[in-house]
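Listed below are the residues making up each chain.
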Amino acid sequence: MSEDIEKLYKDMAQSIIDGDSDISVELAQKAIAINMPPLDAITKGFVVGVNYIGDQFGLGEAFLPELVMAGEAMKAAVATLEPELLKLGEARETMGRVVLATVEGDIHEIGKTLVGTMLSASGFEVTDLGVDQPAEKIIGKALEINASIIGLSALLTTTMVRQRELIEELDKENLRPRIKVMVGGAPITRDWATKIKADGTSEDAVGAVKLAKELVGKA
Amino acid sequence: MQPKLTLLSDEIVARILEEAYELLRCPGVKVQNPEARELLASAGAIMYPDNNVVGIPAALVHKALESVPRDFYLYDYDGNPVVHYGGDSVHFDPGSSGIAILNPETLEHDTTETEHLLRLIKVAEQLPQYDAQSTAVICHDVPKDIQDSYRLYLALLYSKKPIVTGAFTNKTVQEMIDMLALFAGSPEAAREKPRAIFDVCPAPPLIWSNFGAGNLIALAKSGIPAEIVSVPLSGAAAPVTMLGTVTQHTAECFAGIVIHQLAQAGSPIVWGGAAAIFDMRKGATPMGAVETAMLDCSYAQVAKTLNMPTHTYLGATDSKLVDAQAGLESGISAMVGALSGINMISGSGMLDFLACHSAEKLVIDAEGIAMAKRMVKGVQQHTDTLATGFYDDKINFKGGDFLKQKITMKLFREEQHLPSSIIDRDSTRVWKEAGSLDAFGRAKLRVKELLASYTRPEIDPAQVERLNAFMLDLSQKAGLEELPRLEEYQTA
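What counts, and at which threshold
- Residues numbered from 1 in each chain as written.
- Chains lettered and ligands numbered in written order.
- Predicted model: local features only at pLDDT ≥ 70, side-chain atom pairs only at ≥ 80, totals over all residues.
- Helix = DSSP H or I, 4+ residues; strand = E, 2+ residues; numbered from the N terminus.
- Rg over C-alpha atoms; globule rule 2.2 N^0.38 Å.
- Buried ≥ 20, exposed ≤ 12 C-beta atoms within 10 Å, placed from the backbone.
- Contact = placed C-beta atoms within 7 Å.
- Pairing = 2+ DSSP bridges.
- Expected span 1.5 Å × (residues − 1).
- Axes fitted to C-alpha atoms, helices over the stretch in contact; angles between N-to-C directions.
- Parallel < 35°, antiparallel > 145°, perpendicular 65-115°, else oblique.
- Left-handed = near helix turned anticlockwise from the far one by under 90°.
- Nonpolar A, V, L, I, M, F, W, Y, C, P; charged D, E, K, R; others polar.
- Domains from an automatic or database assignment.
- pLDDT = per-residue confidence, 0-100.
- Right-handed = clockwise from strand over helix to strand, strands pointing away.
- Core = buried A, V, L, I, M, F, W, Y, C linked by C-beta atoms within 7 Å.

Caption draft 1: Broad picture of the overall build of chain B. Counting its regular elements, chain B contains 16 helices and 20 strands. Over its C-alpha trace chain B gives a radius of gyration of 24 Å, about what one expects of a compact globule, namely 23 Å for 492 residues. Principal axes of the C-alpha set define a box for chain B whose edges measure 85 × 65 × 45 Å. For chain B, the residues scored as buried account for 47% of the 492 residues in total. Pairs at least 24 apart in sequence give 75% of the contacts found in chain B among residues at least 6 apart.

Shown next as structure tokens:
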């Protein structure tokens, strides 16, 4: 029996590595059918696959479509398991809530969407507000859902200043360090992040997950 | 659809062939090898006894072209057909016979020895862009008499890939043929699945030397493939015009094929060369000149009208360093060669008019080759509808929509060449964190990685023993009692 369970964990991880949502959902259903604790399915099965793809991406061995598909397969598996988790009253330990948005005046979002996918796959609850979002709306949402992190994207040198404005606004309202701010986007450098007093920046989606975990003290 | 580059009209190709036949009759071809002259005389060629010049009638060429194979393969150690000579197949191998190697630290051109050839073989072995090895540099730590056979010996011990090689004398070509037969188990086995091909050079203009013609005859008799490397130099050893040069090249190839097929009809031979223009300022033979690439593209087109397998020398540079000139000359010329559908393109890794080799350049050139091969693969249709099928109900009108499609994961590797760390597509930040390296700096790291990851091929110990005994015998006859020590073949 334990061998069967081991194999199921392995198949779960593999379904994520293969980015196959159909199979990951099927395996999640199987876990429910055999009364496997849903948290075990996530942490001992599916998460292993996400971590593997993340590592491979970091090494340059996996590519963006694989990363995104893994994230999607993970989301689908977790969504299947969630009703069971609720039933058992043992909600998956959330890594924290994150509000993501592209700043006002900027409509670029591929990178931000990737970050959202990877954060969700890694156990964060992500609310993605989309593009062209004014600071007050982003802060309002963060307060509403009690988010611990705001992730701000900007692709243009002309719009990256909006990241600073949002941070200044948070400071004015004394909302930091309760809410941490991650900034990202093509023109964003570590120097810029330091200069505007952001809590951190990352080069890619995998790095963003690492940073977010650090910011919530769960690295 | 494989994209093709052609520079000549059908009418011009027909005139090139016509005038090449005329050149073979008058002035004729100087043939300095007695056996070749006998073969030609008994086949009905016109012999001029005073100056070794032979007039070759078109009928002899037609007959040779009837028997010559249009298509053959080189095989790897495991017996797989790897290099296809024929049609529009495109393969690359490192350049051959360098006498120096770029020292990546001092940037000096060091005289080459065993360790340098092994360095190049080990790097090329792990780069899939190179379908064949070459006997890339001469090892000056062994006597002259065995410098050609010794290179082949090392390639056989350190590689599983097919080998592009060549002999420096009529005596050593036979030794190398014998070495291949011994390694394969028998002359028949060596002929049936040839592992190596030999470059054989006529001398411009219109000369088949004693050595060149002698090599052709020995190779024809053995059935080991020969590759004609005709080297007309526009404006010095060939007419200044490209069309004149290509016509002379055609005549030299015709003469070579006639001698070769007279020695043994049906033996494999390739229409090849290292044509170049002659630089009128420096008196040099620039391999990176665009006209050099144009000459090669043109003679390949002539060969293809005759349905002959093809070879050329491109992908090299005349720069002394692995710099911007090296990159642009090697990349552009490799692309021209690939688009010309040339079966074997030799020259990668080489600097300084083919005199100097560089392992670092070899890894950079591999990226240029990958681009050229991607280009040759062409624009393909993978899906029934070109686009409409991609816009299903999951489209959210967001930039990342297509990253979430299964078909993206399925097809992106086919549509895009995924370059190695040689090609920088990092953000400035990551690039700075990695040391702000240029392509040469990255190539130095990659060569170190490849040398560290190299393991020598598993070769039947009995074959190794036979090969060692054969080489040691040649070496001792040349006055060298012991061969240089080969680290990977020391028993513990």
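Caption draft 2: Spotlight on the overall build of chain A. When helices and strands are tallied, chain A shows 9 helices and 5 strands. Traced from its N-terminal end to its C-terminal end, chain A shows the element sequence α-α-α-α-β-α-β-α-β-α-β-α-β-α. Relative to the 2.2 N^0.38 estimate, which gives 17 Å for 219 residues, the radius of gyration of chain A is 18 Å and therefore close to what a compact globule would have. Overall, chain A is about 60 × 40 × 25 Å in size when its C-alpha atoms are taken along their principal axes. Within chain A, counting contacts between residues at least 6 apart in sequence, those at least 24 apart form 73% of the total.

Caption draft 3: Seen up close, the interface of chain B and chain A. Counting from both sides, the interface comprises 11 residues of chain B and, opposite them, 16 residues of chain A. For the side of chain B that touches chain A, the element with the highest residue contribution is helix α13 (residues 406-415) of chain B, accounting for 3 residues.

Caption draft 4: Structural view of the sheet that holds strand β19 (residues 350-351) of chain B. Residues and elements named next belong to chain B. Reading across from one edge, β8-β7-β20-β19 is the order of the 4 strands in this open sheet, with mixed pairing throughout. What marks the edges here is a single partner per strand, and that holds for β8 (109-111) and β19. Judged from the 2 bridges that link them, β19 and strand β20 (residues 356-357) form a sheet pairing that is antiparallel. Bridged to Met350 within β20 is His357.

Caption draft 5: Structural detail: helix α12 (residues 359-377) of chain B. Taking 1.5 Å of rise per residue, 19 residues should cover 27 Å, and α12 of chain B covers 27 Å from first to last C-alpha, within 8% of that figure. Where α12 of chain B ends, the next residue or the one after it, Gly378 of chain B, has phi of about 80°, a positive value.

Caption draft 6: Looking closely at helix α9 (residues 242-263) of chain B. Here α9 of chain B spans 32 Å end to end across 22 residues, near enough to the 32 Å set by a 1.5 Å rise per residue. Of all 22 residues in α9 of chain B, 19 are buried; the element is thus mostly enclosed.

Caption draft 7: Summary view of the packing of helix α1 (residues 2-17) of chain A against helix α2 (residues 21-33) of chain A. All names here are of chain A. One can describe the packing of α1 onto α2 by two numbers: an axis separation of 8 Å at closest approach and a directional angle of 155°. When the axis of α1 is compared with that of α2, the two are roughly antiparallel. The crossing of α1 and α2 is left-handed. Here α1 contributes Leu8, Asp11, Met12, Ser15 and Ile16 to the contact with α2, which in turn contributes Ile23, Ser24, Leu27 and Lys30. Its residues assigned to classes, the contact of α1 with α2 comprises 5 nonpolar, 2 polar and 2 charged.

Caption draft 8: Main features of the packing of helix α6 (residues 170-184) of chain B against helix α8 (residues 210-222) of chain B. Residue and element names in this part refer to chain B. Running from N to C, α6 and α8 point in directions that differ by 20°, and their axes come no closer than 9 Å. As judged from the angle between their axes, α6 and α8 are roughly parallel. Like other packed secondary-structure pairs, α6 and α8 cross with a definite hand, here right-handed. Residues Asn170, Val173, Gln174 and Ile177 of α6 pack against Phe211, Gly214, Asn215, Ala218, Leu219 and Ser222 of α8.

Caption draft 9: Here's a closer look at the environment of Leu154 of chain B. Residues and elements named next belong to chain B. Following the sequence through the fold, Leu154 ends up in helix α5 (residues 147-158). Under the C-beta neighbour-count criterion, Leu154 is labelled buried, with 22 such atoms within 10 Å. Once residues lying within four places of it in the same chain are set aside, the contact partners of Leu154 are Thr114, Leu117, Leu118 and Ile121.

Caption draft 10: Examining the domain arrangement of chain B more closely. All names here are of chain B. By domain assignment, chain B separates into domain 1 (65-377) and domain 2 (388-436). With 6 residues of domain 1 at the interface, the matching set in domain 2 holds 5 residues. Class assignment of the residues belonging to the side of domain 1 that touches domain 2 gives a composition of 4 nonpolar, no polar and 2 charged.

Caption draft 11: Fine view of the environment of Val47 of chain A. All names here are of chain A. With respect to the helices and strands, the residue Val47 is situated in helix α3 (residues 38-58). Among the residues examined, Val47 registers 20 C-beta atoms within 10 Å and is labelled buried. Sequence spacing of Val47 and Leu119 is 72 residues, and the spatial spacing of their C-alpha atoms is 12 Å.

Caption draft 12: Spotlight on the sheet that holds strand β15 (residues 269-270) of chain B. Residues and elements named next belong to chain B. Judged by pairing direction, the sheet is parallel, and its 5 strands sit side by side in the order β9-β10-β11-β13-β15 without closing on themselves. The open sheet has two edge strands with one neighbour each: β9 (133-134) and β15. As paired elements, strand β13 (residues 226-228) and β15 share 2 bridges and run parallel to each other. Residue Glu227 lies in a different strand from β15, and its bridge partner there is Val270. Across the sheet, α5 lies against β9, β10 (163-166) and β11 (196-200), angled at about 170° from β10, the strand it touches most.

Caption draft 13: Region of the structure containing the domain arrangement of chain A. Residue and element names in this part refer to chain A. According to the domain assignment, chain A consists of domain 1 (2-88) and domain 2 (96-215). Its C-alpha centre places domain 1 at a distance of 27 Å from the equivalent point of domain 2. At the interface, 11 residues of domain 1 touch 9 residues of domain 2. Put simply, the parts of the chain that give the side of domain 1 that touches domain 2 at least two residues each are α3 and α4 (64-88). Examining the composition of the side of domain 1 that touches domain 2, we find that 7 residues originate from one element, α4, more than from any other. Split into classes, the residues belonging to the side of domain 1 that touches domain 2 amount to 6 nonpolar, 3 polar and 2 charged.

Caption draft 14: Quick peek at the pairing of β11 of chain B. All names here are of chain B. Taking burial as the measure, the 5 residues of β11 include 5 buried ones, the bulk of the element. Burial along β11 is two-sided: Ala196, Phe198 and Val200 and Ile197 and Asp199, pointing in opposite directions, are all buried. Two strands pair when backbone bridges link them, and β11 and β13 are joined in this way by 3 bridges, in the parallel orientation. Each bridged residue has a counterpart across the sheet, and for Phe198 the counterpart in β13 is Ala226.

Caption draft 15: Summary view of the confidence of the model for chain B. Residues of chain B with pLDDT of at least 70 account for 99%, and the chain-wide mean is 96. Predicted as a complex, the structure gets a pTM of 0.90 and an ipTM equal to 0.78.

Caption draft 16: Geometry of the pairing of strand β18 (residues 344-348) of chain B. Residue and element names in this part refer to chain B. Across the 5 residues that make up β18, a large majority, 5, are buried. Where strand β6 (residues 91-94) lies against β18, 4 bridges are found, and the strand directions are parallel. Paired with His91 across the two strands is Met344, which belongs to β18. Looking at chain direction, strand β17 (residues 311-313) and β18 are connected through 3 bridges and run parallel. Within β18, the position partnered with Tyr313 by the bridge is Ser346. This β-α-β element, β17 to helix α11 (residues 324-339) to β18, shows right-handed connectivity.

Caption draft 17: Quick peek at the nonpolar core. Judged by nonpolar contacts, the single largest core of 135 residues is most densely connected at Ile56, Val258 and Ile259 of chain B. At 10 residues, the largest contribution of residues to this core is made by α9 of chain B. Setting aside residues no more than four positions away along its own chain, Ile259 of chain B makes contact with Ala36, Leu39, Leu40, Trp208, Ala213, Leu216 and Ile217 of chain B. Counting residues in each nonpolar core, the second largest holds 67 residues, with Tyr9, Ala76, Ile138 and Ile150 of chain A among its members.

Caption draft 18: Here's a closer look at the environment of Lys218 of chain A. Structurally, the position occupied by Lys218 of chain A is in the segment after α9 (205-215). In sequence terms Lys218 of chain A and Ala77 of chain A are 141 residues apart; their C-alpha atoms lie 23 Å from each other.

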